[in-house]
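Here is how the chains run, residue by residue.
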Amino acid sequence: MLEVGNAQAPICIRLATSFAGKIASELGAKVVKLEPFSGDPVRQLPPILPSGPKADRSALFKFLNAGKTMLSMPSDAAEARRALETLLDARVDGVLFEEDDQLRTFLAECPLAQVEVVGWPAGMATGARLSEFTALALGGLLDMIGDPDRKPLRLGGHQASYSAGLSVFTALMALLAERDAGRHPPPARVSLIETVMWVNWKAIAGIDDVGKPPSRQGDQSEFQVVRCLDGWIAVVFSVTEFEKLRNLVNSPDLHQQKFATREGRLKHIRELYQRLEPWFATRTRAEVYDEAQRRGVPLGPVCSPADLANDPQNLARGFIVPLRDASIKGARVPRLPVLWNSHI
Amino acid sequence: MNKNPEPLRNGCTVRPLANIRVVDFGQLTAGANTSAMLADLGAEVIKIESASFMDLFRSMGSNRGRGPGWWNRSPQFRFTNRNKLGVSLDAKIPEGRRILQDLVATADVVVENFRRGVLERLGLDYASMAARNPRIIFASISSQGETGPYRLHTSFGSTLEAMGGVAALTGYDGDKPVISGPHVNYPDQVASLFATGMIIAAIRVARRSGKGALLDISQRELTSFLIGEEILAASVDVERAELPRRANADEAMVLQDCFLASDGRWIALTIENSIDVERCRAIVGGDGDLGGRVAVWCAVHPASEIVDVLRDAGLAVAPVRDGASLIRERQFAGQTLVWRESGEIVKGRPYGFDGAQLKINRDAPDLGQHTREVLCEVLGLDEPAIQRLAELGVTRSEPIEQ
């Protein structure tokens, strides 16, 4: 696989391409990452690690690119093109590239699986600047997160770019399967804005359902996050689980008629949570989770990235593994989130 | 059996799964949407439900209980089940269970996201089915995986957003963690994207080797994988163990936030570097806190003007669009939505091939709409056998109690 960076492309696109290349690499593909002569700017992006070679401390770059073969492209455009042609003459099955008219034209006749990662939907002005944050806004996902009377919120991490990276991976697999069948696969195109919209489909189905956009519900939502002794718990329950939640908390207040139906609970949601919160406040995350699971209530303790390394389930499944880059002592990352016939 | 009424390549130039049969036990988004994406790529997808256990999306909408056939009118179900055949077979009845086992034995792929243990009790688990069909690919999309102390735990997407680490990084300044909630359930959406790619990878291997696979996909692990750089940073930097939440700020950006326009709409703005700062200050004025200046300036300008002015200055700016504008401004939809002739909308796909729009060859099926067709053409059952299943209540097409 070739992963071809475009120095002019926004960072949010680079993250999507790199994420897809990472998955391919973890599945066993030899991924060659072609960096612009100036270097991939992701090398400078946070989180920045406290030690290691000064110009090589980006945890983001390490996570996305460990295990890939890195090649720096010549600064001269003609030389860079010749270098790319040489690489394509070798055994290459697929190419991932970023918003590049010239490269798209150049690759048009190559019988490779090729996915172009772009920001905007086809036919829209590509001159306008795009960030991952504005892609979340245009795809409607910002509107869905946070409290209704406060500003919209982004999800933590790089969710727009990484979900686009998952789309790139899936499109790439489809093209490789098409190629296996002896057909010349057409080029695929993945847009960040489109992927965010696709992820956010319930905002559209919700209008069909109740006639208005669901938008962010935060402290008006059935699902809320409440304080416990050592952190936070996400309170999550369906209609059929409310009785189990009520039995878990065991407060007579919860048996009031106004909480008997979903409609009633939504109407009095603040009051409902005021009656739930004291029970959580006196218990740890582990105590709440164990008791909730025993009763079949799908509550979720909020785990920090640091918590995940010592989580019993993650330990049992060998989910957090050493980074495939020996330059950072003790560095650990999540493995690919699938076990294939029980193997990593 | 592929009996799609449209020519195979009409409207979709890539159908690498045209000879693949998928038995779809998928529920809600994570499972059902994975199978829908396989159907988009040409697979014959047979969705299995029963009168006593329908896809939960059928009964989640406001149509629930309203008028005859209400279970066939859920928008959420329609969005995630296009291009599938619908079969009703009750596995709680022994004859239904036996028929299901026969049907699964004919499949190339099974997609399921039941609670762990359910398929084992029905004799439909991977080990049982692989004994009859070694080429079968079993995509088990579960809460926390097939193994480990939490394997039987129950969850929704929002549970896993908390347990997977994304919620810890989401929230207002210094405030509590935030989850995306029931109208997004983010981990469910990304699970279907990843699972589809993994299933195709396994199909490619099976075609070469003749060997199937059990794909054990944990939604919680996927959620954590999506914040991998933070897990890496936390593993070597104790100062990142407890990160404060910082709303929309990004460590890599000078300024990033939402600002309220004079017409009540929110604007998203990213200021990446010192050049952006200069461009922005030239418009909003002032020397002090840039975020404060932008907020004051936005408060006296309508959203459309803010976007035009800042965009023309070369900044990354956008209106925060809601569901209504996602439908209204069709140019943004690209491949992601498909408008039916009836005016109804269904979900498209998050990628495009050569500009071709996704063709919807079948609307989402009514409960049991294709039961007879599948029993006859896939399993070769004759009319008396089909009639007997109906008399036993195996193939009912109206819900019993949901």
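I will try to describe carefully the structure that is included in this document. (Residues numbered from 1 in each chain as written. Chains lettered and ligands numbered in written order. Predicted model: local features only at pLDDT ≥ 70, side-chain atom pairs only at ≥ 80, totals over all residues. Heavy atoms only, no water.)

### Things to note about the nonpolar core
- Core analysis: the biggest nonpolar cluster contains 136 residues, and Phe19(A), Val115(A), Leu38(B), Val109(B), Phe194(B), Leu215(B) and Phe353(B) have the highest contact counts within it.
- Formed by 32 residues, the second largest nonpolar core is a distinct cluster that contains Leu89(B), Ala91(B), Ile136(B) and Phe138(B). (Core = buried A, V, L, I, M, F, W, Y, C linked by side-chain atoms within 4.5 Å. Buried < 20%, exposed > 50% of the residue type's maximum accessible area, 1.4 Å probe, protein only.)

### Thoughts on helix 7 (residues 192-199) of chain A
Residue and element names in this part refer to chain A.
- In terms of residue burial, helix 7 counts as a mostly covered element, since eight of its eight residues are buried.
- When we look at burial in helix 7, the residues that qualify are Leu192, Ile193, Glu194, Thr195, Val196, Met197, Trp198 and Val199.
- Two or three places before Ile193, at the opening of helix 7, Ser191 has a side-chain oxygen 3.3 Å from that residue's backbone nitrogen. (Helix = DSSP H or I, 4+ residues; strand = E, 2+ residues; numbered from the N terminus. Polar contact = N/O pair within 3.5 Å; in protein donor to acceptor, adjacent residues only side chain to side chain.)

### Re the pattern of salt bridges
- The final tally for this structure, using the stated rule, is 58 salt bridges over all chains.
- Across the salt bridge formed by Asp175(B) and Arg150(A), the nearest N and O atoms sit 3.2 Å from each other. With Asp175(B) in the loop between helix 6 (157-163) and helix 7 (186-209) and Arg150(A) in the loop between helix 5 (132-138) and helix 6 (159-180), this residue pair bridges two chains.
- When its relative accessible area of 32% is taken as the criterion, Arg150(A) is described as partly exposed.
- Notably, a salt bridge pairs Glu112(B) with Arg116(B), separated by 2.9 Å at the nearest N-O pair.
- Here Arg116(B) falls in the buried class, since its relative accessible area comes to 7%.
- Each of Glu3(A), Arg14(A), Lys33(A), Asp40(A), Lys68(A) and Glu98(A) takes part in one network of salt bridges that share partners. (Salt bridge = Lys/Arg side-chain N within 4 Å of Asp/Glu carboxyl O.)

### Brief notes about empty space enclosed by the protein
- Here the structure, examined in full by the defined rule, presents three cavities of 30 Å³ or more.
- Approximately 200 Å³ is the volume found for the largest cavity.
- Of the residues contributing to the lining of the largest cavity, the split by class is eight nonpolar, nine polar and four charged. (1 Å grid on protein atoms, 1.4 Å probe; cavity = no way out; pocket = protein on both sides within 12 Å on 5 of 7 lines; lining within 4 Å. Points joined across faces, edges and corners; volume = space filled by probe spheres on them. Nonpolar A, V, L, I, M, F, W, Y, C, P; charged D, E, K, R; others polar.)

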